[in-house]
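# Commentary on secondary and tertiary structure
Take a look at the letters that make up each chain.
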Amino acid sequence: MLSIDLTGKRALVAGVADDGGFGFAIAKALAEAGATVCVGTWPPALGIFQTLLRRGKLDTALAGGGALEFEKIYPFDAEYDTFDDVPADVRESKRYKEHGDVSIDGCVARLKSDFGEAPCLDVVVHSLANGPEVGRDLLATSRRGYLGAVGASAYSHVSMVQRLGPMVRPGGSFLSLSYMASERVIPGYGGGMSSAKAALESDTRVLAFEAGRAWGHRVNCISAGPLASRAASAIGKGEAGDDGKKPQSFVEQMIDYCKANSPLPEAITARDVAATVAFLASPLGAGITGSVIYVDKGFHTMGKAIA
Ligand code: NAD
């Protein structure tokens, strides 16, 4: 039987702080395929994440038996490449000061301290984004907001491949998550986030070439349909409907619109995306690199709205 088998592999999923987004579902799917999973969590969200875990609120059974367990939970801020890049006021702030070096280099150091100097990872997932001005039209976006979005959401991936590449065993797999706003106009997805996703997709191709030649790693990206995760739900309010009903949020509108207009008229699930990540990370995906794979029920193929 052909199956996704990640037995003996170790994954690092960056961007997990609750069970409502893609990162958690990806961690679960990788664990179900047999991998051990470490996660990287943004320090401002780490306290609540650990509390939820401690209270059993995120207890998750794995198909095939057992429960989801994280081998390590690292404080991780993808905006910083090295500890020197973390501004003093951030380092000393309440949510950061107990965690020490939360940079990407800091994560490499923690991996070495926990698992030794030799490469210890097989799969690295970038499931994070941040755009401080995401609710603003591009025409109203400041330079700071734009560069903040691109830095946190796209350069962070470049930096992760750069710095974690040597920590990944030959034949490893890097994955990131994009959104169709990279290539089509999606009003409401602003603040330079569309530009960040375009950069993420372009970088996928260049990094696939460079990391393939340097280490034999693969680099792919999934362009996912809309999901009401914590991050997406914070993007903003949509316009009120003519019927006087409570205005839908941006992501609720996009879910309904995609459901109504996709070849498969249903919402995507985090599980759809997670299963694709597990496949791409597995030996079954050995021939795929530099690709942006749509997991969106086919929505991207449509050229005309039908509803
Ligand atoms: P999510 O809220 O589950 O995940 C986003 C994570 O990013 C959070 O855990 C947050 O703490 C973390 N984060 C923010 N800034 C960070 C930083 N500087 N360093 C480290 N972590 C940071 O939401 P999600 O929607 O599952 O997002 C995961 C990925 O999926 C993102 O790249 C997002 O753009 C992408 N995506 C989401 C949708 C959607 O509709 N939800 C669609 C397509 C793509």
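Scroll up for the structure.
Note that the structure is a prediction, hence the values are computed from the model and not measured.

So, about the side chain of H99. When you line up the elements, H99 lands in the loop between α3 (88–91) and α4 (104–115). Once residues lying within four places of it in the same chain are set aside, the contact partners of H99 are P43, L46, P75 and R110.

Let us look at the packing of aromatic side chains. One pass over the structure, following the stated rule, counts five aromatic pairs. Summarising the aromatic geometry, the rings of Y179 and Y189 are spaced 5.0 Å apart at their centres and angled 65 degrees between planes, so their arrangement reads as edge-to-face. Residue Y179 is found in the loop between β5 (168–178) and α6 (193–215), and its partner Y189 is found in the loop between β5 and α6; the two are separated by ten residues along the sequence. With respect to class, Y179 is no different from Y189; both count as buried. With centroids separated by 5.9 Å and ring planes inclined at 75 degrees, the aromatic side chains of Y257 and F299 adopt a geometry described as edge-to-face. Within this pair, whereas Y257 is found in helix α8 (residues 250–261), its partner F299 is found in the segment after β7 (292–295), the two being separated by 42 residues in sequence. A network of ring pairs unites the aromatic residues F24, F49 and F70 as a single cluster. A cation over an aromatic ring shows up here: R10 above the ring of F115, its NZ or CZ 3.6 Å from the ring centre. Above the plane of the ring of F83 lies R91, whose end atom (NZ or CZ) is 4.0 Å from the centre.

About the cut-offs
- Residues numbered from 1 in each chain as written.
- Predicted model: local features only at pLDDT ≥ 70, side-chain atom pairs only at ≥ 80, totals over all residues.
- Heavy atoms only, no water.
- Helix = DSSP H or I, 4+ residues; strand = E, 2+ residues; numbered from the N terminus.
- Contact = heavy atoms within 4.5 Å.
- Phe/Tyr/Trp six-rings, centres within 6.5 Å; stacked < 30°, edge-to-face > 60°.
- Buried < 20%, exposed > 50% of the residue type's maximum accessible area, 1.4 Å probe, protein only.
- Lys NZ or Arg CZ within 6 Å of the ring centre and 35° of its normal.

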